[in-house]
Amino acid sequence: METGDAISLLELTPSGSLTLNLKAIQVLSAITQPVLVVAISGPPNTGKSYLMNRLVNRTKGFPLRSGKMLPGWRTWMWCLPHPERANEYLVILDIDGLEGERNENTKPQIFALAYVLSNIFIYNSKGTVDQEALDKLNYITKLPRYVQEGAVDSHREICPEFLWCVRDSELELWMDGFRLVADDYLNAVLLPGQGPDGVSSVSRFLTERFGHRKCLEFSRPCPEAGALRLDQVLEGELARDFQLQTERLRGHVLGVRPERGPGGSVVSGQALARMVEHCVSRLCQGQLIVLEDLYDATRHSVPTVPQGAATDRTMPQPTKTVRIGVPWNMERPVCLIENSSAGELSVNREAVDQILSTISQPVVVVAIAGLYRTGKSYLMNKLAGKQKGFSLGSTIQSHTKGIWMMCVPHPVRPDHCLILLDTEGLGDVEKGDPTNDSWIFALAVLLSSMLVYNSMGTIDQYAMDKLHYVTELTELIKVKATGGEDESTEFARFFPAFVWSVRDFTLDLTLEGRKVTEDGYLENALKLKHGASPNVQKYNLPRECIRNYFPTRKCFVFDRPADKDTMRNMEEVPDSCLDAAFVNQAQRFVQYVYRTAQTKTLKGGYPVTGQMLGALVLTYVDSIRSGHLPCLESAVHTLADIENTAAIQEAAQAYGKWMGERVTLPTETVKELSEIHNQVHPEALQLFMRRCFKDEGQRYQQEFTKEVAAIYADISEKNRELSTDISNRIILDLGAGIQEKIRIGSYTKPGGYSEYEKDMAELVRKYRAKPRKGVQAQQVLQDFLATKQQLSDSIRQADQTMTTSQKEIQAARERAEVAEQQQRAKEEEKRAAEQRLVDERRAAEVNLDQLKEKAKQEQARLVQEHERLLTQRLQEQDKLMKEGFQGRADALQREIDALKVEKKQAASPSLVDVVIDTSILAAPGFFKVIPIAAKVGKFLWDKFWQPMQAVYPDEGQMPETWILLPLGCCLTDCAFPAPPSRQSLLPISWKFHFRHRTSLTQGWDRLEPHPMNAGSELRWDLLL
């Protein structure tokens, strides 16, 4: 299957995720013929893509980027029939140039893939082959970290040929009057050597790893091409030497046979597709690519798509994301929250700063809690996909202290991180402080998106009593900073999914003679008892908490995995030595968690990244250490301030960087700079929007807009300054002859003015013909002509060959030229001012568009949050009714009705809010006060007027100060006149004195006359 143009096979995004394009895998899987794989790499802008296009005699195929790199990094793939051999295919892999420190860890991994997959590995560079050029290849010596090779003869049999292409060659191939071939030159450079500390040098590595090495030199393809891209140069305009050299390359590469496997086994496109997937998967899991096992693995695996599957290039390209080389693909856990022997909790800052702060992707957080010595760590290791990880103790002592963390790439969710939290065993008799256990459990709830509670035996009253920590959450967690009578009804909005795992389960899953599922077993255990006695209330309390606090619940039961002796070394025991039923149960548990555990979110459905999770950990633990309760609302506000401030900084820096990369100063016109700004600004704004959340009133978006405007103004000023400097230098160089003639007095002779006039006209002509002077070119010329006006007058007056009328005519002509130049400069300045206005309008439009898109996303998340909670409440109501608790079901109905109203409001945002938010962004300068004041008024209306209507549904009952009181309830010690009644105008002025902040419904009926009332002015006190 031929791809008309190159398509992306792999992409390394700026965030560090390696994306495997399944469309490319489908293309390879449709090729049943043998394939010859050619991979090419090298520094950027060395002409790799052009060389590969010429390899197959095509003018187009791989994109030529002419120095402008696309965001991220890619390996491009081009599949086409072999030009010279029927029934074979040629697969070319063009690897984007990897430069910069951020790619130092990526280079050896990408080289490992090319090394394993290709028949010929081409390294493309410019200039010469010397020690400096070899040093740039130092990353290839790290290959053993990623590829495990067999015996020397074995790995040489399947390793690719190494071909060094030297472009724009400066090789010195003459020695003692004899001309060396390039191969001899390369072998002479590759003298075996040893690097520092015994590390193999590049030359030694190339000599030992590549049994076949070759070097080809290339002269400049077209020295006269200038700024033209090479694909725009006609074949007849290419240098003859370059044409012959590319033909030599073509003949050599196409002559290689597609034999890659041990013993000369042939690899088809289908096998190559499986090799790609296998290698990327191994690197993702931090495992070595074993060459001796690679071909067996690909022969026995199932093709990704059936032969003949549709691969239309116009269809969307599905992608699968995996991660390699990320710092959070951990082999061992680290302690996240330490628990001292005195019971004091503290955050391990290294875990936050060095691990969580590097995770910019959304996180799925799975925490496990339960009594000590119940096998929690074993389940966490299974979720991490590792035999060893979290420590498994085999004694009666608690083995995990505090909360330990392991971060791995999520096996199912692309571009997500799976964070596993293993908590200290609850109920440790050696601890002696039950409050400490309660805080550990509360933190597990606050930080996770799925909480696994692990217990032993059965779910009976004893097990429920041990889960008393769930009943204490109302005393340990606040939802709102202002508090409330009962906030537990809000817990289901924020709490994680709940999974109860029952270990060493020995009972039959039957109830009253019929089989039940694990979930049915849990639901039966959570049934409530009728009655109001203290014993019944104590029995129901933990069950009510589990049913009301957690949005979903699930149960897994596990058989005993093995005998006591085997279980002492569970880390060393393979699954084949464990009970088959237990292994199957563990696998079902793992798959359920992978499939259903959701991304950790904040109120409003905002996804939490690793960076945000680190900030939450610090906030919650600091609250506990200071003696306060962790508050969800306060944590969100704190996190929003941290994240939004960081979003401004990150996006503003990206804007400045991208502008620096794309703009070549000075620009010829203001519009040229503006066009680049209008390309970069939306990209930077999108970057800001991705990270920003809960930006109430768009305060942070406005700050970002100001930051970008300041950077753009600075670039514009540098553009003008550089243009001024360049234009002045040009005039100075062009005017050197005039200055010399002035010095020697050439213009003071008879006829000197005519000569001066010709010289000045020639200077102006040459100046205007000079390119790339920039936006100040007209202004600089105007200033120059203005400064020469007095000199011109002097030379003209001194020229005795001119009559008075001629002098007057010439003076008038000069004034007209100066005026014309002034007009040009003014027009240029006018165009610049108009362009600035256009830029401002364009920025406002982009801001509004992004704001609308952000609002849609937040609305969708909010609706989803309400739907999830409403579904849970409806299910719980149905269960209560079936269990005969009609009173509880009726009470729950009021909460359901309120949720339906909230959902409706979330699904249909107020038009007033949209208009106000739009106006805040669009209004210039001081005029922003108007929409901001409107937003405050809207808030007061929603906060107080609507509740007042609920209290006084009859308009006639509404107090006369109907609009003043809500405002006063927000103020402290304020006195102000009341507005007139809606029924009649009052003949007196009213003043209300509020001594303390209160809410409307709590303080409405406690207004009393102030004792200092006098005359027509009345004062009232609101007594609290």
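Criteria and cut-off values
Residues numbered from 1 in each chain as written. Predicted model: local features only at pLDDT ≥ 70, side-chain atom pairs only at ≥ 80, totals over all residues. Heavy atoms only, no water. Helix = DSSP H or I, 4+ residues; strand = E, 2+ residues; numbered from the N terminus. Buried < 20%, exposed > 50% of the residue type's maximum accessible area, 1.4 Å probe, protein only. Axes fitted to C-alpha atoms, helices over the stretch in contact; angles between N-to-C directions. Contact = heavy atoms within 4.5 Å. Core = buried A, V, L, I, M, F, W, Y, C linked by side-chain atoms within 4.5 Å. Phe/Tyr/Trp six-rings, centres within 6.5 Å; stacked < 30°, edge-to-face > 60°. Lys NZ or Arg CZ within 6 Å of the ring centre and 35° of its normal. pLDDT = per-residue confidence, 0-100. Salt bridge = Lys/Arg side-chain N within 4 Å of Asp/Glu carboxyl O. Expected span 1.5 Å × (residues − 1). Arc of directions from axis to C-beta. Pairing = 2+ DSSP bridges.

Engineer: Tell me what's going on with unusual backbone geometry, and back it up with residues and numbers.
Structural biologist: The omega torsion across leucine 665 and proline 666 is 0°, close enough to zero to call that bond cis. Within the fold, proline 666 resides in the loop between α22 (632-662) and α23 (670-691). Of note in this structure, glutamate 512 is not a glycine but carries a positive phi near 55°. Mapped onto the elements of the fold, glutamate 512 is located in the loop between β21 (510-511) and β22 (514-515). Given the relative accessible area of 81%, glutamate 512 is considered exposed. For arginine 772, which is not glycine, the phi torsion reads 55° and is therefore positive. Within the fold, arginine 772 resides in the loop between α26 (752-769) and α27 (777-787). The exposure class of arginine 772 is partly exposed, given its relative accessible area of 35%.

Engineer: Please give an account of the packing of helix α1 (residues 22-29) against helix α9 (residues 269-284) that cites residues and values.
Structural biologist: α9 packs onto α1 with a crossing angle of 150° between their chain directions and a minimal axis gap of 7 Å. When α1 is examined against α9, the residues Ile25, Leu28 and Ser29 are found in contact with a partner set consisting of Gly269, Gln270, Leu272, Ala273, Val276 and Glu277.

Engineer: Break down the nonpolar core for me, citing the residues and quoting the values.
Structural biologist: Val366, Ile419, Phe441, Leu473, Trp500 and Phe589 are the most contacted members of the largest nonpolar core, which totals 109 residues. One finds Val27, Leu28, Leu93 and Phe210 within the second-largest nonpolar core, a separate group that totals 65 residues.

Engineer: Lay out the packing of aromatic side chains in plain terms, naming residues and giving numbers.
Structural biologist: The description of two aromatic rings rests on the distance between their centres and on the angle between their planes. The full count for this structure, using the stated rule, is 27 aromatic pairs. Through pairs of rings, three or more aromatic residues link up here, namely Phe111, Tyr115, Phe121, Tyr123, Tyr139, Phe162, Trp164 and Phe210. The ring of phenylalanine 558 has arginine 503 sitting right over it, with the charged end atom 5.6 Å from the ring centre.

Engineer: Account for the confidence of the model for the chain, naming residues and giving values.
Structural biologist: Of all residues in the chain, 75% have pLDDT values of 70 or greater, and the mean over the chain is 77. Taking the mean pLDDT of every element in the chain, the minimum, 37, falls on helix α34 (residues 1000-1003) and the maximum, 94, on strand β23 (residues 553-557). Segment residues 299-325: pLDDT under 50, and 59 contacts once partners within four positions in sequence are set aside and those in other chains are kept. Contacts from residues 946-1024, a stretch scored under 50 in pLDDT, to residues over four places away or in other chains number 115 contacts.

Engineer: Break down the pattern of salt bridges for me, with residues and values.
Structural biologist: As a working rule, side chains carrying opposite charge can pair if their charged atoms are close by. Taken as a whole, this structure holds 34 salt bridges when the rule is applied. In this structure, glutamate 672 engages arginine 772 in a salt bridge whose closest nitrogen and oxygen atoms are separated by 3.7 Å. In this pair, glutamate 672 sits in helix α23 while arginine 772 sits in the loop between α26 and α27, placing the two residues 100 residues apart along the sequence. Its salt-bridge partner being aspartate 878, residue lysine 882 comes within 3.3 Å of it at the nearest N-O pair. Highlighted residues: lysine 882 and aspartate 878, both in helix α29 (residues 804-882), separated by four residues, approximately one helical turn. Classification of lysine 882 as exposed rests on a relative accessible area of 68%. On the basis of relative accessibility, which here comes to 35%, the residue aspartate 878 falls in the partly exposed class. One connected set of salt bridges, linked through shared partners, spans Glu523, Arg547, Arg553, Glu876, Lys879 and Glu883.

Engineer: For α26, give the residues involved together with the corresponding values.
Structural biologist: For α26, with 18 residues, the first-to-last C-alpha span of 26 Å sits near the 26 Å given by 1.5 Å per residue. When α26 is considered as a whole, its buried residues turn out to be Gly752, Tyr753, Tyr756, Asp759, Met760, Leu763, Val764 and Tyr767. Down the axis, α26 shows its buried residues gathered within 135° of arc, on one side only. Projecting away from the buried face of α26 at angles above 90 degrees are the exposed residues Lys758 and Ala769.

Engineer: Account for the pairing of strand β4 (residues 73-81), with residues named and values stated.
Structural biologist: Among the nine residues in β4, eight count as buried, and that is most of the element. Note that β4 and strand β5 (residues 89-95) share seven bridges and pair antiparallel. By the bridge assignment for β5, tryptophan 76 is matched with aspartate 94.

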